[in-house]
Structure formats: structure tokens, C-alpha cells
2 protein chains.
Amino acid sequence: MAIYKHLLLALDFGDDQERLIDHAVSMASVFDARLTLAHIVDYMPAAYGGEVPLPDDLQMDALLLDKAKGRLASLVAGLALPDVDWRAELGVPKHGITRLAEELEVDLILVGSHGRHGLQLLLGSTANGVLHLAGCDVLAIRVKDGD
Amino acid sequence: MAIYKHLLLALDFGDDQERLIDHAVSMASVFDARLTLAHIVDYMPAAYGGEVPLPDDLQMDALLLDKAKGRLASLVAGLALPDVDWRAELGVPKHGITRLAEELEVDLILVGSHGRHGLQLLLGSTANGVLHLAGCDVLAIRVKDGD
């Protein structure tokens, strides 16, 4: 019985990216599972000052999304895995990741989990949000806080 | 390279116990890892009405702890795994589990994760607490909410 068939790695392009990808690749190999790398370009409606986005904001979103797509495509191209893909979207990370997981019928989400100190507490909130929202299993991969 | 060497499964003896144990055993087999089953008997100082526990409360704690030890020993005896052990302690579950994980040099904690509805939100808080406190990776295993 396959324990997990499709893994989704949530990436925020932080310092720990390489370690997270290595870990996800190892896990995908052990489980003989598909792997999708995903990045959600953080969409912040508050920055628009209202319901209707300004043209400049839309252009910035499109640029960030294009940049994310390029990074993911490049990362995936460098992996020695047969069944690996990537997805980039605009949105709130915890919602985007869990929505993608449902769409792709993922059975395990992998997400980096930071410590409890200062800025790391904020950065860690995606892991927390995904844990609450996900309909599948979630592996929180502990990344060091640089201490 | 071994991805995980020692798994700790946090059990609350709930309805999903069998599924959680099956999952943990599969994971331990895949990773060729040790497995420890752990239960923390929830210690509630508030029930004592003060700093000093009453003799009856202490006796109740001892009884609950003995019962938990018996259940874990019986569960472990029924598993077809060579390297499996159990631990039972008194304490706050999220703290007890993360403390045990450190003491046993566990590299992956497995914990059941409930949904977001009503009572399940409260039950799920151990997973959330463990995620924040753990110094190692945490796998939240989604258990159904009976809906």
C-alpha cells in the first residue's frame, strides 16, 4: 500500500528552500510519489486601500507571479525526479496551498516550520494555517532560526 | 541516508487510535525507524483548586497513569515491529510530547489532527501546540471528524 501518492511542497523562497526541496525529494523517492512544488505570491488586498485594485498593483502582481513561475520551473528542471511539477498562484499562502492540495488531490502537504521567536513567529503562521485548513496530512519541516 | 530514525506517535486514546497506529507503523517500516507510542495523562492543576494537590487527586493521577501504561504496553505487544517502545507521563500533552521527543532524540512526531469544527477545534489544539513547540519535524495526520 502506498502511504502517500502525491506530495505538495509549499515554498516561500526563503533561506531554507534548498533543505526543504532536498527533504521533499527524499520523501517523494521513499514513497514513490509525485511531487509538486508550489509558491503562492502573497496577495495583500490591504495594500490596495480598497476593493478595486489599481492598475499598478495588478501589474506588480503579474510581475511577481511571472517571477515565481520562472523560479519554480528552473528548480523543477534541476531535480532528478521523473514525476515532478510546479504551480504558482496569487493568494493568501495558507488558503492557496490548501486549495491547490484539494485541486491536485494531494495527500501530504510539506511546509517549512519556523520557531517561536520574533519574526519567525509570523513566518511560521503559514504552517499553522495550513495545519488548520488542510483536508490531508501535513508535514511541518522544522527549519532552523539561525541561532 | 535515513530520513527519519525515531518516530514518536502521540496518542490520546481517541476513536482514531487504530488508524494512527497503523499509519505510524507503516511510516516506521518505510523509514526503517524506531517507533515510540506516547500518551500524556492530561494534568489539570486547576482541578486541585490550588498549588498543593489533594491526596485524592494524586491517587487519581496515579490510577490514570497506570491505566495508560497498561494500554500502551498492550498496544505495543500487539505490533509486528522489532523496534517499538512506549512512554506514558503526566502533564500538559503538548509540553509532555515535545519534552519526550527531546529526551528520546526523536526526529519526527506524529500527531492526529482534527478539523476546525466545534469540539474538534479544541481536540486539535495538541497538534497545534506540538507544531509550535517541537524542535523536530511534525506530521499532522488528518483524522476524520465523523461528517
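Residues numbered from 1 in each chain as written. Chains lettered and ligands numbered in written order. Predicted model: local features only at pLDDT ≥ 70, side-chain atom pairs only at ≥ 80, totals over all residues. Heavy atoms only, no water.

Draft legend 1. Looking closely at the overall build of chain A. Of the regular secondary structure elements, chain A holds five helices and five strands. Helices and strands in chain A line up, N terminus first, as β-α-β-α-β-α-β-α-α-β. By residue count, 50% of the 147 residues in chain A fall in the buried class. Considering only contacts in chain A between residues 6 or more positions apart, those separated by 24 or more positions represent 78%. Accessible surface computed for chain A: about 7,700 Å², of which carbon and sulfur atoms make up 55%. (Helix = DSSP H or I, 4+ residues; strand = E, 2+ residues; numbered from the N terminus. Buried < 20%, exposed > 50% of the residue type's maximum accessible area, 1.4 Å probe, protein only. Contact = heavy atoms within 4.5 Å. Areas by Shrake-Rupley, 256 points an atom, 1.4 Å probe, with all protein chains shown as cover.)

Draft legend 2. How the structure looks around the packing of helix H5 (residues 125–133) of chain A against helix H5 (residues 125–133) of chain B. Contact pair H5(A) / H5(B): the axes reach a minimum separation of 11 Å and the direction vectors enclose 160 degrees. Accordingly, the angle class assigned to the pair H5(A) and H5(B) is roughly antiparallel. When you trace H5(A) past H5(B), the crossing you get is right-handed. Residues Ala127(A), Asn128(A), Leu131(A) and His132(A) of H5(A) form the contact with H5(B), whose own contacting residues are Ala127(B), Asn128(B), Leu131(B) and His132(B). Residues of the contact of H5(A) with H5(B), tallied by class, amount to four nonpolar, four polar and no charged. (Axes fitted to C-alpha atoms, helices over the stretch in contact; angles between N-to-C directions. Parallel < 35°, antiparallel > 145°, perpendicular 65-115°, else oblique. Left-handed = near helix turned anticlockwise from the far one by under 90°. Nonpolar A, V, L, I, M, F, W, Y, C, P; charged D, E, K, R; others polar.)

Draft legend 3. Up close: the relation of the copies chain A and chain B. For the pair chain A and chain B, the best superposition has an RMSD of 0.0 Å and corresponds to a rotation of 180 degrees with a translation of 0.0 Å parallel to the axis. Both chain copies can therefore be described as sitting about a two-fold axis. Residue Leu139(A), judged by its C-alpha, is the member of chain A lying nearest the rotation axis, at 2.2 Å. (Least-squares fit on C-alpha atoms with pLDDT ≥ 70 in both.)

Draft legend 4. Main features of the packing of helix H1 (residues 17–31) of chain A against helix H1 (residues 17–31) of chain B. For the pair H1(A) and H1(B), the least separation of the axes is 10 Å and the interaxial angle reads 100 degrees. When the axis of H1(A) is compared with that of H1(B), the two are roughly perpendicular. For the pair H1(A) and H1(B), the contacting residues are Met27(A), Val30(A) and Phe31(A) in the first and Met27(B), Val30(B) and Phe31(B) in the second. Residues of the contact of H1(A) with H1(B), tallied by class, amount to six nonpolar, no polar and no charged.

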